[in-house]
Amino acid sequence: QVQLVESGGGLVQTGGSLRLSCAASRTILSINTVGWYRQAPGNQRELVATITANSITNYADSVKGRFTISRDNAKNTVDLQMNSLKPEDTAVYLCCLLTLRPSWGQGTQVTVSS
């Protein structure tokens, strides 16, 4: 069983920044695509960004130019740097190991005040 742990969420004002981290075993994260998703109450879960094993990245149109997904080798994590945050970014953010049987973390709350 793969266990993922998200961290870094919090309360921030409009225009502020947060950096989220997703941690798991070093080996499993390095050889698979990892995605960040978000889900607000009453809303459907949506894909935010993905990064492949060879660091090819993709972003939802709503976050392009504001969010950056990356790998932190020193900490064995996949991180999501979020800049220029908007109230519409408020959600629980979850990371997912995109294997044949996807593994999800418990999520970390991001709240952007207006």
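Whatever comes next refers back to the structure up there.
Definitions and limits used
- Residues numbered from 1 in each chain as written.
- Predicted model: local features only at pLDDT ≥ 70, side-chain atom pairs only at ≥ 80, totals over all residues.
- Heavy atoms only, no water.
- Buried < 20%, exposed > 50% of the residue type's maximum accessible area, 1.4 Å probe, protein only.
- Helix = DSSP H or I, 4+ residues; strand = E, 2+ residues; numbered from the N terminus.
- Pairing = 2+ DSSP bridges.
- Contact = heavy atoms within 4.5 Å.
- Phe/Tyr/Trp six-rings, centres within 6.5 Å; stacked < 30°, edge-to-face > 60°.
- Lys NZ or Arg CZ within 6 Å of the ring centre and 35° of its normal.
- Salt bridge = Lys/Arg side-chain N within 4 Å of Asp/Glu carboxyl O.

A. Structural detail: the pairing of strand 11 (residues 108-113). Here strand 11 shows one buried face, formed by T108, V110 and V112, and one open face, formed by Q109, T111 and S113. Examined bridge by bridge, strand 2 (residues 10-13) and strand 11 share 4 bridges and lie parallel to one another. When the sheet's bridge partners are listed, V12 is paired in strand 11 with V112. One ladder, built from 3 bridges, connects strand 9 (residues 91-97) with strand 11; its direction is antiparallel. Its bridge partner lying in strand 11, Y93 is registered against T108.

B. Up close: the pairing of strand 7 (residues 67-72). Sheet topology note: the strand 7/strand 8 (residues 77-82) ladder contains 6 bridges and is antiparallel. In the strand pairing of strand 8, T68 is matched with Q81. The antiparallel hairpin formed by strand 7 and strand 8 contains 4 residues in its connecting segment, where N76 sits at a positive phi of about 55°.

C. View of the environment of G15. If you trace the backbone, G15 turns up in the loop between strand 2 and strand 3 (18-23). Considered as a pair, G15 and L98 are 83 residues apart in the sequence and their alpha carbons are 30 Å apart. Beyond its immediate stretch of four places on either side in the chain, G15 contacts S84 and L85.

D. A look at unusual backbone geometry. A positive phi angle, near 70°, is found at S55, a position not held by glycine. Turning to its location among the elements, S55 is positioned in the loop between strand 5 (46-51) and strand 6 (57-59). At N76, a position not held by glycine, the phi torsion is positive, near 55°. Considering the arrangement of structural elements, one finds N76 in the loop between strand 7 and strand 8. Residue classification places N76 among the partly exposed positions, given a relative accessible area of 28%.

E. Molecular detail of the packing of aromatic side chains. All told, the structure shown has 1 aromatic pair when counted by the stated rule. The ring of Y37 has R45 sitting right over it, with the charged end atom 5.9 Å from the ring centre.

F. Layout of the pattern of salt bridges. For the structure on display, the rule yields 5 salt bridges. For D89, the salt bridge is made with R38, and the minimal N-O distance between the two is 2.9 Å. Of this pair, D89 sits in the loop between strand 8 and strand 9 while R38 sits in strand 4 (residues 34-39), and the two are 51 residues apart along the sequence. Judged on exposure class, the residue D89 and its partner R38 are both buried.

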